[in-house]
Amino acid sequence: MTYFAQALLDGLSAGATYALIAIAFSLVWATVRTVNLALLQVLSCAGMLAYLGAQHGVVLAFVYGLLGAVVIGVASHFVAIVPTLSKGQIYPIITSLGFGLLLTAGLVAIFGDLLRPVPPVLPEGGARLGGTYLSWGAVLQIAVALVLVVAAIVVMRSSRVGLAFRSSAWAPDLAGAYGVNLPAVRLGSAVVSSLLIGLAGVFIALTAGSVGPLLGATAGLKGMVAMLIGGAGNLPGAVVGGLAVGLVESVSLQYTTSALSGAIAFAVLFALMVLKPSGLMKEY
Amino acid sequence: MGYWDSLIVLGGINAILAWSLGLVVRSGQLSVGHAALAGAGGYAAGLAARAGLPPIVALLVAALVAGLIGVLLALVTLRLNHLFLALATLLFGEILVAVATGTDALGGAAGLAGLPLLELLPLVGGAVLVVVLVEVLVLRGSRVELNMLLLSGEPQLVDMTGRSADRLRIQVFAASAAVAGFAGALLAFQAGVVQPGDLGFDHSLNLLVYVIVGGSTNGIGALVGGFVLTVLPRVVELDNVQQALLLGGVLVVVMLVRRDGAIPRRPTRVLRATTAPAPSDDRPTLTGSGR
């Protein structure tokens, strides 16, 4: 029972990060109806920059990671998304995939493809409850993710900015006619999603204790799957999807061998995608 | 086998793989699991060869097994499109990687080693020739090609011609998977080993880059893309990082300036008439097709 509770708790903290990533992808989806795959590598970049910053303390880890994420995320927005957006859903996806390949290659060229140990800059120790244990880093991670996720949902649902975001995907021309500045809205969603995904990258780097350039291909991908499982463009759905991915992963890891748990986790996610292509929740 | 021979064989195999993926891409479906289908073929051929079957039979077994897996994959993903299909095929590939790693009968993480090494140059050359002939003589300008093109944009139109769009989609996927499995078996017999890593999505992504850079609407383009992008980086001796930079850079440039790839399909009159976008598509609309 304690094992199971611990697995749930681990899944929760991993799921909080996946939820952040999923929300980032979901915000882009909610404004332009496509996916910026380069955000996966923005996650890796943020992680590696957090590794550099962590040499000089926890504050710089966040500053480097978040600044880098915004700069690279916005660059990918202008290179890969803006010029291809009018051509249909698939072209931005492929172009941003290419931009992401470039970013990965750049990271590997600079850092090599091995994992780098990140100095422990978060407070040590953790909370104990019953037989379970959660490090302070993970507690912080869950708390920050919770606050940001709720904020994102509230802003998207009930503010004029959120309305502009949503309408620019539903009816771009009509929204433009009503005075919504489409390029600004799209840029805004790129900045916010880069920030969120950068935050996820920094948290992963600091709590996992090591980070490598292939972070985007592992954690990032799971976050994107979480977005689709939850329902593309639906923010609460992204949270549910993120938690689902985290829980499936940690529970299957608890009860089987590592290779097999990967197969089980992927199979569950595959089944969810196939059986419920529209996601668990509909868009607004 | 000399260095150049084996390089040309590898280029030929990748050309066939890219062509097989190109079949699917031309029908408007984005698969990021083709390396896994090829790897399934490699494993099937490896098991068949170990069971004592002659290599040529093992190759056919590989095509059959991969084709069946392709049918299954197409059936379960029939409702998915675009990004959803891409991610589902990616997950499918990773499932196969994990299964291959976790199954002792498949050699676990070390894979199947000690497979017979074949003299592949004539075999691969012949296979490429067959593919080119099929592309130019059978597919080009045929009703099947037209329907595949329609499937990518307007699947309802396929249904309206009296053929089933779903069935066509499954058939295309099956054919593509069978060819990929065959090529994957060739790959296994060239390396003498097939490992779980061969099925990973980074290989699938490379294949996708070959197709899109070479020509996503044209089988010949995919063939050329697969061959050139395999051989060129090794001729000018790029390391892995430079190779990845090259592929990523070429992909971005192609998507921005020439999005049907280096060798697009020049439409015949029938194709042009049927698939030309309606003139109103470029004008702004209220419901927003222009996103």
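Residue numbers run consecutively from 1 along every chain, following the written order of its sequence. Chains carry letters from A onward and ligands carry numbers from 1 onward, assigned in written order. Predicted model: local features are reported for residues with pLDDT of at least 70 only, side-chain atom pairs are reported and counted for 80 or more only, and whole-chain, interface and lining totals are derived from all residues. Calculated side-chain values reflect all of the structure's heavy atoms, with hydrogen atoms and water omitted.

A tally of regular secondary structure across chain B gives 12 helices and zero strands. Each helix and strand of chain B, placed in order from N terminus to C terminus, yields the pattern α-α-α-α-α-α-α-α-α-α-α-α. Taken over C-alpha atoms, the radius of gyration is set against a globule rule of 2.2 Å times the number of residues to the power 0.38. For 291 residues, the compact-globule estimate of 2.2 N^0.38 gives 19 Å, and the C-alpha radius of gyration of chain B, at 19 Å, lies within 12% of that figure. Taking the principal axes of its C-alpha atoms as reference, chain B extends roughly 60 × 40 × 35 Å. Note on classification: 1.4 Å probe, protein chains only; a residue is buried when its accessible area is under 20% of the maximum for its type, exposed when over 50%, partly exposed between these limits. Looking at chain B residue by residue over its 291 residues, the buried ones come to 51%. Of all intrachain contacts in chain B linking residues separated by at least 6 positions in sequence, the fraction that spans at least 24 positions is 80%. Per the convention used, a helix needs a DSSP run of H or I reaching at least four residues, while a strand needs a run of E reaching at least two, with both numbered from the N terminus. The criterion used for residue contact is that any of the two residues' heavy atoms lie within 4.5 Å.

Stacked, tilted and edge-to-face pairs are distinguished by plane angle, under 30 degrees for stacked and over 60 for edge-to-face with tilted covering the rest, among Phe, Tyr and Trp rings (Trp via its six-membered ring) whose centres lie within 6.5 Å. Taken as a whole and judged by the stated rule, the model has four aromatic pairs over all chains. Arranged with centres 6.0 Å apart and planes meeting at 85 degrees, the rings of W29(A) and F84(B) form a pair that is edge-to-face. Here F84(B) lies in helix α4 (residues 82-102) and W29(A) lies in helix α1 (residues 2-32), a pairing that spans two chains. Residue classification places W29(A) among the buried positions, given a relative accessible area of 7%. Judged by relative accessible area, which is 17%, F84(B) ranks as buried. The ring of W170(A) has R33(A) lying over it, and the distance from NZ or CZ to the ring centre is 6.0 Å. Charge over a ring is defined by NZ of Lys or CZ of Arg lying within 6 Å of the ring centre and within 35 degrees of the ring normal.

Attention shifts here to the confidence of the model for chain B. The score called pLDDT rates the predictor's confidence residue by residue, from a low of 0 to a high of 100. Mean pLDDT for chain B: 85, with 91% of residues reaching 70 or above. When the criterion is pLDDT under 50, residues 279-291 of chain B qualifies, and its contacts beyond four places in sequence or with other chains add up to 17 contacts.

Here we come to the pairing of strand β2 (residues 126-129) of chain A. Residues and elements named next belong to chain A. The pairing of β2 with strand β3 (residues 132-135) spans four bridges and is classified as antiparallel. Each bridged residue has a counterpart across the sheet, and for G126 the counterpart in β3 is S135. Adjacent in sequence and paired antiparallel, β2 and β3 are bridged by two residues, among which G130 carries a positive phi angle near 60 degrees. Strand pairing requires that DSSP identify at least two bridges connecting the strands.

Further remarks concern the interface of chain A and chain B. The interface is formed by 48 residues belonging to chain A together with 42 residues belonging to chain B. The junction of chain A with chain B conceals about 3,900 Å² of combined surface from both sides, 81% of it contributed by carbon and sulfur atoms. Sorting the residues of chain A by area buried against chain B places I94(A), F266(A) and F270(A) first, and these three jointly supply 15% of that buried surface. Any carboxyl oxygen of Asp or Glu within 4 Å of a side-chain nitrogen of Lys or Arg constitutes a salt bridge here. Between the two partners, chain A and chain B, sit zero salt bridges. Pairs of N or O atoms within 3.5 Å make up the polar contacts considered here, provided that, within protein, one atom can donate a hydrogen while the other can accept it, and that residues adjacent in sequence are counted only when both atoms are side-chain atoms. Where chain A packs against chain B, one counts zero residue pairs in polar contact (both at pLDDT 80 or more). Elements supplying a minimum of two residues to the side of chain A that touches chain B: α4 (90-111), α6 (160-170), α7 (172-177), α9 (215-230) and α11 (258-275) of chain A. Accessible-area loss on putting two parts together, using a 1.4 Å probe and summing over both, is the definition of buried area adopted here.

Our next topic: the pattern of salt bridges. Counted under the stated rule, the structure contains two salt bridges over all chains. Between E249(A) and K222(A) there is a salt bridge, with the nearest N and O atoms lying 2.6 Å from each other. With E249(A) in helix α10 (residues 235-255) and K222(A) in helix α9, the pair connects residues that are 27 residues apart, well separated along the chain. Linking R26(B) and E135(B) is a salt bridge whose minimum nitrogen-to-oxygen distance equals 3.0 Å. Pair noted here: R26(B) is in helix α1 (residues 3-26) and E135(B) is in helix α5 (residues 121-139), with a separation of 109 residues, a long-range link. The same class applies to R26(B) and to E135(B), which are both buried.

Turning our attention to helix α3 (residues 58-81) of chain A. Residues and elements named next belong to chain A. Working rule for helices: expected span equals 1.5 Å times residues minus one. Look at α3: 33 Å from first C-alpha to last across 24 residues, which is about the 34 Å you get at 1.5 Å a residue. Every buried residue of α3 is listed here: A61, F62, G65, G68, A69, I72, G73, V74, S76, H77, A80 and I81. Buried-residue contacts for α3 involve α2 (38-54), α4 and α8 (182-208).

All names here are of chain B. Looking at the secondary structure, you find S31 in the loop between α1 and α2 (34-50). A distance of 3.3 Å separates a polar side-chain atom of S31 from the backbone nitrogen of G33. Looking at S31, its side chain comes within polar contact range of the side chain of H34, at 3.0 Å. Discounting chain neighbours no more than four positions away, the residues touching S31 are L21, V24, T89, F173 and L208.

This next bit is on the packing of α2(B) against helix α9 (residues 201-215) of chain B. Residue and element names in this part refer to chain B. Angles shown run from 0 to 180 degrees and are taken between the N-to-C directions of axes, each axis being a line fitted to C-alpha atoms and, for helices, limited to the stretch in contact. It is at 7 Å that the axes of α2 and α9 come closest, and there the two elements cross at 115 degrees. As the angle between them shows, α2 and α9 are arranged roughly perpendicular. Along the contact surface, α2 presents H34, A35 and A36, while α9 presents H203, S204 and L207. For the contact of α2 with α9, the residue count by class is three nonpolar, three polar and no charged. An angle below 35 degrees is treated as roughly parallel, one above 145 as roughly antiparallel, one from 65 to 115 as roughly perpendicular, and anything else as oblique. Charged residues are taken to be Asp, Glu, Lys and Arg, nonpolar residues to be Ala, Val, Leu, Ile, Met, Phe, Trp, Tyr, Cys and Pro, and polar residues to be all remaining types, Gly included.

Moving on, we come to empty space enclosed by the protein. Residue and element names in this part refer to chain A. Grid points spaced at 1 Å and placed over the protein atoms alone form the basis of the search, with a cavity being a set where a 1.4 Å probe fits but cannot get out and a pocket an open set showing protein on both sides within 12 Å along at least five of seven lines. Lining residues have an atom within 4 Å of a point. Grid points are joined across faces, edges and corners, and a volume is the space filled by probe spheres set on the points. Applying the stated criterion to the full structure yields one cavity of 30 Å³ or more. Looking at the largest cavity, its volume works out to about 70 Å³. In terms of residue count, α8 provides more of the lining of the largest cavity than any other element does, five residues in total. Residues belonging to the lining of the largest cavity are distributed by class as follows: five nonpolar, seven polar and one charged.

Turning to the nonpolar core, a few remarks are in order. Buried Ala, Val, Leu, Ile, Met, Phe, Trp, Tyr and Cys residues form a nonpolar core when they are joined through side-chain atoms within 4.5 Å. In terms of nonpolar packing, the biggest core is built from 170 residues, with F25(A) and L251(B) touching the most fellow members. Discounting residues that sit within four places of it in the chain, L251(B) has contacts with I94(A), L97(A), G98(A), L101(A), V209(B), I212(B) and V213(B).

Looking at the secondary structure, you find N147(B) in helix α6 (residues 143-153). Setting aside residues up to four positions removed in sequence, N147(B) forms contacts with V158(B), T161(B), R163(B) and L168(B).

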